Every structure is written in C-alpha cells, then in structure tokens.
Amino acid sequence: MVGGAAHAGAAGDPLITQVQDWASGHGDGVDATPYGLPVKYESDVIRRNVDWLTADTISSINFTPIHALDGTITPQGCAFERHHSGAIDLSKQDYRLMINGLVDQPLVFTYEDLERFPRENHVYFCECAANTGMEWAGAQLNGAQFTHGMIHNMEYTGVPLRTLLQEAGIQAAGKWVYVEGADASSNGRSIPLEKVLDDCLVAFKANGEALRREHGYPVRLVVPGWEGNLWIKWLRRIEVMDGPVEAKEETSKYTDLLGDGTARKWTWEMDAKSVITSPSPQSPIRHGTGPLVITGLAWSGRGAITQVDVSVDGGANWVAARLAGHQHDKALTRFYLDTDWDGREMLLQARARDATGYVQPTKNALREVRGMNSVYHNNGIQTWLVTPNGEAENVEVS
Ligand code: MTE
Ligand code: CO
C-alpha cells in the first residue's frame, strides 16, 4: 500500500462515509456536452507562451504542457503551435492542392478528391527544430513545457504523397519537391524526392478527427522524423523540381551556425532525445518520500526508441527505464522508472538510445561539436535538480 492511503477511510473520511451531492441527484444529460472539453479541474493543462519569445503572437510559438500529460498521444487542443503569419481560416470547399513542375500532368485536387485515394494511419511526433533552442548557452527556462514543449505526437490519417505524385507522373529530371502552404508566409521548403516517396503523408485527420485550424485544417503535410518546419500546414502546392529552392526557411533559418562561422545545412532529421516530464519544475513531488513514479518521453527521427536510461545523480549511474505501451517508429515513446525516493536531492536525467544505436549526447558534448551559436537541433541531456522539499529546477551539470 502506498504511504498510508489505505487508512484514510478507517479514520472516518466523510468522502467515504457520507453520501455526496453528486450521488444525491442526477448528473448532466447526454445533450449537455455535444462536444466535450477538458473538465474544469484540469484547466491549467494548457498551451503556454514564453513572454520574451512571444512579443508578437502572429509570428510565434506556444508550448505543449508535456509536464501534465501522460501516455504518448497529444490532444490537438493543447498541442504546440508555430505560425509564421498566424493561423488561417480555410474551408474544405475552398481548399485546392496543386502539383506542378516536372510532372507529366499538372494536377489540382479538391478536398473530396483527396478522400478518394487509399489512405493510411500512422502515429508520428512533430518537433520544431527550435525545441530546446533557448538552452544552448545554459539552463534557462524553468519547466519541461518550455524547454521541450515544441513537440506533439498524433495519429494521422492521410494519403501518401507518393500516391498523388504518381498520379501526376514524376519526370526523370525531378529530384526534389518544393512544398508551400496557403497562409501568407507560405513557409516554403524543399524536400528531396527520396523522402517524399518514402513516408510523407498528405494528412487530413489527426487523432481521429479533422485537423484543428491551428494545425493546418483542412490538410497538412506530415514529414515523419524530420524537423517541424517541413510539416507544411494548409498545404497548397507541391512543385517537382530538379534541385532545392534555397528558400528563406532553409537558408537564413533552419541552418545552424557552427563555431567556425560555417553553417550546417539540410539538418532535417531530429536526433534521438528524451526528457523527464515528471518530476519536473512544473510537476514537483508533493507526496513526500516513498514510492515515486519518474516518467518522461523519448523519441528519434531515425526510427524506434530501443532504450531509455534514467540517472538520479547527474549521470554518474544509470538504470534502464520501462518503455510503456506501443512502440512506433518516429513517434513518442513513454518511459517510467518506478522507484522509491528517500527524500534526498536528485539530479534527474534521461538518456535515449534509438534503433540505429545512436545515444543522446550531453549538452557539453553537443557544444564541442556544434559551438555556441546554434539554436536548432539541441538534443542534449536535460537535468532537473529535485530538492528535498520536492521542488524541481532546470540546471546543468558539467
Ligand atoms: N506551415 C505553414 N503553412 N505556416 C507555418 O507557419 N510553421 C512550421 C510548420 N508548418 C508553419 C507551417 C513550423 S516552424 C512548425 S514547427 C510546424 O508547422 C508546427 O506545427 P503545429 O503548429 O501544428 O504545431
Ligand atoms: Co518550427
């Protein structure tokens, strides 16, 4: 039994011994909630901004409350958003998808057209390349939501982009596609054809229901394992080309300036990464010593997570955590370490390993290779300092 909980009833707890209001009359009828929202007691499980990052909310970002979620699927209603020119209203009726460029037959699809192609379902994470980017110079933001919350994980329903391109007929000279959205920013990106033909999806449902407006309704591109910026929302046009466009979002942005002044470019894949979501600064230990569930998320853009190790002493010793639930390639994996806490200070860390054998590096190992100018692709090991009162804080160990 956990920490004396079994004795509460015996002590005459009125919640056990007395008939409560909710059992003395009827609850709400089935017509009260045509579409359900989270219960009022969970009203703090919401997207949040970082003020100094969000002076302008149109070209901006908010963060998934990963510290308060469990399992692996992110509800659309609290999944982080990143817009370059705001979320737009685009109806299915007004939706058009054009395929042009180096194709035998340029095509325009309506939403209904897309629904008539064979479709698939896949669970994938979408991580903004800038996730954890504010932590390059040292521990800064106090909460897993802010350090690692530019990520979500959904089950997508859609048509493989391969199928639509085959319908148009890719010409021999076609080696890349340029994809853009219907919003003013268009967020244009170049993607090599091999990736497009491999696993990209033209998706119209997420977690079983229509995409929410802020995630690209009615149609978005899903680019499994690759940086979120490529996941074009309100997908409007796909041009088959013989080379990349070198557009703004792939030159001045989404490249990493190295220590020697040169830039790392075409850094599409998201390297293996993990974070402990609880305990964490926004999810402190409130129950004192004894049984403690340490939990978090791990993911890799290169395939499945094969192992997650947890350290309570800043990386000196590691124990393998329990990987829970279904394991999908390029999707979030939930891990648990069911442990006993003696009330001592902990330096909590998680370290992910993926199917390629790659092991998540320390932040300092990353800095040695990448210098200090980077923002994107920070997958270094995160440390939470948990103090004897159960509070947690973002720190770094050397
Ligand atoms: N697509 C369009 N059309 N416009 C955008 O601003 N932002 C990109 C990408 N696709 C963007 C876009 C970025 S940087 C990211 S990280 C993801 O969408 C975020 O997707 P989300 O808002 O559904 O979380
Ligand atoms: Co992004």
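The text that follows walks through the structure, step by step, so that each part is easy to find. These numbers were taken from a predicted model, which means no experiment stands behind them.

## Overview of empty space enclosed by the protein
Overall, the coordinates contain three cavities of 30 Å³ or more when judged by the stated rule. For the largest cavity, the calculated volume is near 240 Å³. Partitioned by chemical class, the residues of the lining of the largest cavity number seven nonpolar, eight polar and six charged. Of the voids in this model, the second largest cavity is the one considered here, and its volume is about 60 Å³. In terms of lining, the second largest cavity is formed by Ile66, Leu69, Asp70, Gly71, Thr72, Ile73, Thr74, Leu297, Leu332 and Arg334. Per-class residue counts for the lining of the second largest cavity are five nonpolar, three polar and two charged.

## Considerations on the sheet that holds strand β22 (residues 383-386)
Strand pairing in a sheet relies on backbone hydrogen bonds, with the paired strands running either antiparallel or parallel. Strands sit in the order β18-β17-β21-β22-β23 across an open sheet of five strands; the sheet is antiparallel. Looking along the sheet, the strands with just one partner apiece sit at the ends: β18 (319-320) and β23 (392-395). Of the strand pairs in this sheet, β22 and β23 are connected by four bridges, and their pairing is antiparallel. Its bridge partner being in β23, threonine 383 is matched across the sheet by valine 395.

## With respect to the pattern of salt bridges
Between side chains of opposite charge, a pair can form when the charged atoms approach closely. Taken as a whole and assessed by the stated rule, the structure comprises 23 salt bridges. Glutamate 180 is the partner of arginine 236 in a salt bridge, and the nearest nitrogen-oxygen pair spans 2.8 Å. Linking arginine 236 in strand β12 (residues 235-241) with glutamate 180 in strand β7 (residues 176-181), this pair joins segments that are 56 residues apart in sequence. Its salt-bridge partner being glutamate 250, residue arginine 189 comes within 3.3 Å of it at the nearest N-O pair. Here the residue arginine 189 occupies a position in strand β8 (residues 189-192), and glutamate 250 occupies one in the loop between β12 and β13 (256-257), the gap between them amounting to 61 residues. Like arginine 189, the residue glutamate 250 is buried in the burial classification. Several salt bridges converge on common partners, so that one network encompasses Glu180, Arg236, Arg237 and Glu239.

## Some points on the side chain of asparagine 187
Following the sequence through the fold, asparagine 187 ends up in the loop between β7 and β8. Side chain to side chain, asparagine 187 and histidine 84 meet in a polar contact 3.2 Å long. Polar side-chain contacts of asparagine 187 include one of 2.8 Å to the backbone oxygen of asparagine 229. With near-sequence residues (within four places) excluded, asparagine 187 lies in contact with His84, Val179, Asn229, Ile232 and Glu249.

Thresholds, definitions, all that
Residues numbered from 1 in each chain as written. Chains lettered and ligands numbered in written order. Predicted model: local features only at pLDDT ≥ 70, side-chain atom pairs only at ≥ 80, totals over all residues. Heavy atoms only, no water. 1 Å grid on protein atoms, 1.4 Å probe; cavity = no way out; pocket = protein on both sides within 12 Å on 5 of 7 lines; lining within 4 Å. Points joined across faces, edges and corners; volume = space filled by probe spheres on them. Nonpolar A, V, L, I, M, F, W, Y, C, P; charged D, E, K, R; others polar. Pairing = 2+ DSSP bridges. Helix = DSSP H or I, 4+ residues; strand = E, 2+ residues; numbered from the N terminus. Salt bridge = Lys/Arg side-chain N within 4 Å of Asp/Glu carboxyl O. Buried < 20%, exposed > 50% of the residue type's maximum accessible area, 1.4 Å probe, protein only. Polar contact = N/O pair within 3.5 Å; in protein donor to acceptor, adjacent residues only side chain to side chain. Contact = heavy atoms within 4.5 Å.

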